[in-house]
Structures are given as C-alpha cells and as structure tokens.
Amino acid sequence: MEQLMRDMFLFLSKNKVANKAAKKWGLRFGANRFVAGETIKAAISTVKELNEKGIVATLDHLGEFVFSEEEAIESADYCIRTLEAIAEAGVKSNLSLKMTQLGLDISKELCMKNMRRILDCAKRLNNFVRIDMEDYEHNQITMDIFSELREEYGETVGLVVQAYLYKVEQDIDELNKFKPNLRLVKGAYKESPEVAFPAKEDVDRNFIKIIEKHLLYGNYAAIATHDDNVIEHVKKFVKEHHIPFSQFEFQMLYGIRVQRQLELAREGYTMRVYVPYGNDWYGYFMRRLAERPANVAFVLKSMFKK
C-alpha cells in the first residue's frame, strides 16, 4: 500500500493540469508545512527565523512545467529578486533552482541565457547558486549545463547528484576535475529500474558510497538527508579521516525534522535548510507526500481542522 501511494503521488506530481489548478488554490491542505509562503518577503522572514536559531538556508522559488519563454524569463527574474532580497536583508542563504523552470524544455539556449543572468547577479553579490537535479530525462543535459557554467563562473555555481542512479559514481568521478560543491541526495523521482536502483537498501548503500568518495576527493559536500543512520555514519567518517567541519554541511527540507536540525546546529555542524516558496508549489508538495505516509496523515488532519 505504501508503494502504491508513493507511485500515485509521484504520478500526480507530473500532472500539468493539476499543477495549473493548484496555483489557484494557494497554500491549502497542509502545503504550508513544507512551503515557506508565496512571496519573497515571506521566504526572507522564514530565513531570518532560521538564522536566529543558528541555521543557514537555501531559497528556492518553486517552478515547474514552464510553457513559454515569458514564463521562463519571469522565473529568472524571481531568482534575481531573491538574490537581491537576500543581500538587502543580510540573511545567510544561497539560492537553489531548476533548469526546467528557466526554460530548458523550450530550448537550452533560453535556459543558459537565464542562468547567466542569475549567475552574474550571484557573483556580483558574492552568493552561490545550486542547480537542482530533476528526473532522469533531464539528467545529462543538466550535467552538461553545469560543466559549461562551472568553467565560466567557478565556485559561484554548484550541482545536485542523486544516489539512486547507477551512473552517479561515474558522474562524481568526472565532475571531480572541477572540485565542485555538490549536494548529495538519494533522489525523489520515480525512475525505471534500467537507470536507477529500485531497492531502498541499494540506494542507501550507494548514498554512503558517494558521500565518502566526494569527501575523500577533498571536495565540499552538502549532505541532504533526514536519515539518522546516514548522519551518524558521516559524523564517524569525518572524524576518522580528519575531515574538517568546513568541508561539509548537513541539509534538510523546511518543515521536516525541525528538532534534529536544531540539534545538529548546536553540535557545531553547518545545518542548511532548503526553503521553497512561491505559488507553483504543487509538484514539490506531491513529492513530499510521496516520500512519507506520515506526511499524508498530516495533510488529512489539516483538511479537517476547523
């Protein structure tokens, strides 16, 4: 039943009709647990609260299923305004974004033009931009775009890699020439067993493997996990290999395992929370529901609260 629910929500996450309808609903039915609001002002307010608790952030203006050049440009404008708002407020946050929200499905040229505008701004403001990895269909072109932009913008840009893909270890080896800042995740999309490990235990094992490899290469690792087994393994591994705290950070999603986030920050680890905002929250929200049945229970309770 759990797998059936997961598959259903992952299927719904890609439903373009439902996505358009969701924009009209606003943050109802529990979505505001995982999304910081619909405006930049609300997002910055959330980051301030996190910073006061010793936690840093990465802001993501949610956007998927961009249908036109105008929408892609508008998404890029939001990203630039977000970087400017971070600088103006003086909060500790960088920026995460997706290639599809910047027009990748329309043309690579449009996407690159928008990315360069954003990275020009980030470089001017001395900030950092992380390219999120999406489904397997967009994997290789996203890798190619990152490589091209890394040559142009250096450490201003980073990337996400997904442990559930068979190819990820080879990707890390190839990317090592850049000494990149990578966010390492298990992966949240439904993929074919031809390209991704279908069994959770295999994904977990590969996740540990790529974390260790990236750290031993001497590169910065953003370890995105809510899994205590992984967290404890990383703590022991960095101690055994004399890896400084300055070479890695833990990352978690906004609204999930809040107490654990605080504990890690108090222990002296860099704890970064991924803070999404905006009205195009539907696909992100569906993937959070797919990840844990407990999230679905929370939403159902929210729906029936008076």
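I will try to describe carefully the structure that is included in this document. Here the structure is a predicted model, which means the values were calculated and not measured.

What to know about the overall build of the chain
Item 1. When you go through the chain residue by residue, the secondary structure sums to 12 helices and 8 strands.
Item 2. When burial is assessed residue by residue, the chain has 55% of its 306 residues classed as buried.
Item 3. Sequence-distant contacts in the chain: of pairs separated by 6 or more residues, those separated by 24 or more amount to 74%.
Item 4. As displayed, the chain has an accessible area near 14300 Å², and 52% of this comes from carbon and sulfur atoms.

Here we look at the side chain of Thr82
Item 1. Within the element layout of this structure, Thr82 appears in helix α4 (residues 69-89).
Item 2. Within the structure, Thr82 has its side chain in polar contact with the side chain of Tyr277 (distance 2.5 Å).
Item 3. In contact with Thr82, other than residues within four places in its own chain, are Ile40, Leu59, Leu95 and Tyr277.

Observations regarding the pattern of salt bridges
Pairing between side chains becomes possible if they bear opposite charge and their charged atoms approach one another.
Item 1. Per the stated rule, a full pass over the model turns up 23 salt bridges.
Item 2. Note that Asp60 and Lys98 form a salt bridge whose closest N and O atoms lie 3.7 Å from each other. Residue Asp60 is found in strand β1 (residues 56-61), and its partner Lys98 is found in the loop between β2 (93-97) and α5 (108-124); the two are separated by 38 residues along the sequence.
Item 3. With relative accessibility at 6%, the residue Lys98 sits in the buried group.
Item 4. Among the ionic pairs, Glu169 bridges to Lys213, the shortest N-O distance being 3.0 Å. Taken as a pair, Glu169 in helix α7 (residues 168-175) and Lys213 in helix α8 (residues 200-216) lie far apart in primary sequence, 44 residues in all.
Item 5. Using a relative accessible area of 21% as the deciding quantity, one classes Glu169 as partly exposed.
Item 6. Put simply, Asp228, Glu232, Lys235, Arg257, Arg260, Glu263 and Glu267 are held in one network by salt bridges that share partners.

A word on the sheet that holds β1
Item 1. Overall, parallel pairing links the 8 strands, which are arranged β1-β2-β3-β4-β5-β6-β7-β8 in a closed barrel. Sheet twist, expressed as the mean angle between neighbouring strand axes with direction ignored, is 30°.
Item 2. Here α4 sits on the sheet in contact with β1, β2, β3 (129-131) and β8 (271-277), set at roughly 170° to β2.
Item 3. On top of the sheet, α5 reaches β2, β3 and β4 (157-162); it is set at about 150° to β3, its chief contact.

Observations concerning α7
Item 1. Considered for burial, the residues of α7 that qualify are Val168, Asp171, Ile172 and Leu175. Across the axial projection of α7, the buried residues extend over an arc of 100°, all falling on one side.
Item 2. If you follow the buried residues of α7, they end up packed against α6 (139-153), β4, β5 (182-185) and α8.

As for unusual backbone geometry
Item 1. With a phi angle near 50°, Lys179 is a residue other than glycine that sits in the positive phi range.
Item 2. Looking at where Lys179 falls in the secondary structure, it is placed in the loop between α7 and β5.
Item 3. Here Lys179 falls in the partly exposed class, since its relative accessible area comes to 45%.
Item 4. Look at Arg257: it is not a glycine, yet its phi comes out positive at around 55°.

What about the side chain of Asp171?
Item 1. Inspection of the secondary structure puts Asp171 in helix α7.
Item 2. Among the polar contacts made by the side chain of Asp171, one reaches the side chain of Lys167 at a distance of 2.8 Å.
Item 3. Each residue touching Asp171, except ones within four places of it in the same chain, is listed here: Asn139 and Met143.

Looking at the packing of aromatic side chains
Item 1. On inspection of all chains with the given rule, the structure shows 7 aromatic pairs.
Item 2. Measuring from ring centre to ring centre gives 6.1 Å for Phe146 and Phe178, while their planes differ by 85°; the resulting arrangement is edge-to-face. Of this pair, Phe146 sits in helix α6 while Phe178 sits in the loop between α7 and β5, placing them 32 residues apart in sequence. Like Phe178, Phe146 is buried.
Item 3. Aromatic side chains Phe245 and Phe248 sit 5.8 Å apart centroid to centroid with 75° between the ring planes, which places their arrangement in the edge-to-face category.

Criteria and thresholds
Residues numbered from 1 in each chain as written. Predicted model: local features only at pLDDT ≥ 70, side-chain atom pairs only at ≥ 80, totals over all residues. Heavy atoms only, no water. Helix = DSSP H or I, 4+ residues; strand = E, 2+ residues; numbered from the N terminus. Buried < 20%, exposed > 50% of the residue type's maximum accessible area, 1.4 Å probe, protein only. Contact = heavy atoms within 4.5 Å. Areas by Shrake-Rupley, 256 points an atom, 1.4 Å probe, with all protein chains shown as cover. Polar contact = N/O pair within 3.5 Å; in protein donor to acceptor, adjacent residues only side chain to side chain. Salt bridge = Lys/Arg side-chain N within 4 Å of Asp/Glu carboxyl O. Pairing = 2+ DSSP bridges. Axes fitted to C-alpha atoms, helices over the stretch in contact; angles between N-to-C directions. Arc of directions from axis to C-beta. Phe/Tyr/Trp six-rings, centres within 6.5 Å; stacked < 30°, edge-to-face > 60°.

Everything listed here is a matter of coordinates, which is why it stays silent on function.
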